[in-house]
Amino acid sequence: MSDPTIPTACVVGWPIRHSRSPIIHRHWLARHGLAGDYVQHAVPPEEAEAFFANFARGPFVGANVTVPHKEVAFAAVDRTDAVASALGAVNTLFVENGQLVGANTDAPGFIANLDQSSPDFSARSGPAIVLGAGGASRAVIWALKQRGFAPIHVVNRTLARAEALAERFGSVVRPAGWDQLPALLPEAALLVNTTSLGMQGEPPLVIDLERARDDLLVTDIVYVPLETPLLALARARGLQTVDGLGMLLHQAAPGFEYWFGVRPEVTPELRRLVLADM
Ligand code: ATR
């Protein structure tokens, strides 16, 4: 625990692995000249329920929640914001009028990254392909649906998980298996990888992009490595790409604002700082 006299937020998980969130929030605190801190806080599973039940009494002003506590935190909050309600998941906690509020900043973070990194994203529409059907996929689908992308083809190894997402989000979501990808690709305006394929230590994601539209935008939520095999293939094909680091930075911004009262910016300087830690 840091200095108890200054507002302190934390990332809660178990075990707490190396997290980049402290670098991000401490950079913003320093940049805005604010008294505050952001620390890693390990909570073992058997203590999680009590930890979140008592959270609003302090000492933390808020938290980011990571594995394996997301479900316990969701169950413990007094209310959720609109995105967390729609997704059934929280990643950010703050206290308002003594109540514990759960927010989900993954979906807005995904969109804010594309808005900042792609010159024409705000004007883009049409069919999208989302690879993967896990928690990250849910946030991405919600965001794309909000932005009017349709249809949203959800391509997943386990078809039943993609079908469950179609039930949650409606007929705009079209479940598909990987074998259908070659037929779907030529129409797509946007391709998003939300699987762990391409992440350091995982098998690469290799897709034949030859028949893709020349204006296809390809983005990956994996950011270690920054240039995933998918993004490298897309760049070699001359396609516009957006890497996943920006989503990590943008999803942190609303939490900072809840806790410390200032909306921070995602700058090239912050990107360089976080990259230097990778
Ligand atoms: P997250 O919450 O980060 O999205 P997740 O819920 O574990 O993580 O989802 C991981 C996604 O990557 C899933 O869509 C998973 O496919 P399955 O639903 O079939 O498991 C996908 N994935 C992981 N490893 C994969 C692999 N080797 N081949 C294809 N898909 C893979």
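The structure presented is a predicted model; accordingly, all values stated were derived computationally and were not measured.

Caption draft 1: Representation of the nonpolar core in the model. In this structure, Phe110, Ile141, Leu144, Ile152, Val154 and Leu190 are the most contacted members of the largest nonpolar core, which totals 31 residues. Listing elements by their share of this core, those giving two or more residues are α4 (82–87), α5 (106–117), β7 (128–131), α6 (135–146), β8 (152–155), α7 (159–169) and β10 (190–193). Broken down by element, the residue count for this core peaks at six residues, all from α6. If we skip the residues at most four places from it in the chain, Val154 touches Val130, Gly132, Ala133, Ser137, Ile141, Ala162, Leu165, Val173, Arg174, Pro175 and Ala176. One finds Trp28, Trp259, Phe260 and Val266 within the second-largest nonpolar core, a separate group that totals 20 residues.

Caption draft 2: Here's a closer look at the sheet that holds β10. Spatial ordering of the open sheet is given by β9-β8-β7-β10-β11-β12, a layout of six strands whose pairing is parallel. Looking at the sheet topology across the chains shown, the edges are occupied by β9 (173–176) and β12 (240–242). Neighbour to neighbour, the strand axes of the sheet diverge by 20° on average, direction disregarded. Sheet topology note: the β8/β9 ladder contains four bridges and is parallel. Across the sheet, the residue bridging to Val155 is Ala176, located in β9.

Caption draft 3: Looking closely at the domain arrangement of the protein chain. Looking at the assigned domains, one finds that the protein chain contains domain 1 (8–104 + 249–276) and domain 2 (107–243). For domain 1 versus domain 2, the separation of C-alpha centres amounts to 26 Å. Listed as interface residues are eleven residues of domain 1 and, on the opposing side, 15 residues of domain 2. Between domain 1 and domain 2 lies a buried interface of about 1100 Å² when both sides are counted; carbon and sulfur atoms form 58% of it. Between domain 1 and domain 2 we count one salt bridge in total. Counting across the interface, domain 1 meets domain 2 through five residue pairs in polar contact (both at pLDDT 80 or more). Only α4, α10 (245–260) and α11 (268–276) provide two or more residues apiece to the side of domain 1 that touches domain 2. For the side of domain 1 that touches domain 2, the element with the highest residue contribution is α4, accounting for three residues. Grouping the constituent residues of the side of domain 1 that touches domain 2 by class yields five nonpolar, four polar and two charged.

Conventions adopted
Residues numbered from 1 in each chain as written. Predicted model: local features only at pLDDT ≥ 70, side-chain atom pairs only at ≥ 80, totals over all residues. Heavy atoms only, no water. Core = buried A, V, L, I, M, F, W, Y, C linked by side-chain atoms within 4.5 Å. Buried < 20%, exposed > 50% of the residue type's maximum accessible area, 1.4 Å probe, protein only. Helix = DSSP H or I, 4+ residues; strand = E, 2+ residues; numbered from the N terminus. Contact = heavy atoms within 4.5 Å. Pairing = 2+ DSSP bridges. Axes fitted to C-alpha atoms, helices over the stretch in contact; angles between N-to-C directions. Domains from an automatic or database assignment. Buried area = accessible area lost by both parts, 1.4 Å probe. Salt bridge = Lys/Arg side-chain N within 4 Å of Asp/Glu carboxyl O. Polar contact = N/O pair within 3.5 Å; in protein donor to acceptor, adjacent residues only side chain to side chain. Nonpolar A, V, L, I, M, F, W, Y, C, P; charged D, E, K, R; others polar.

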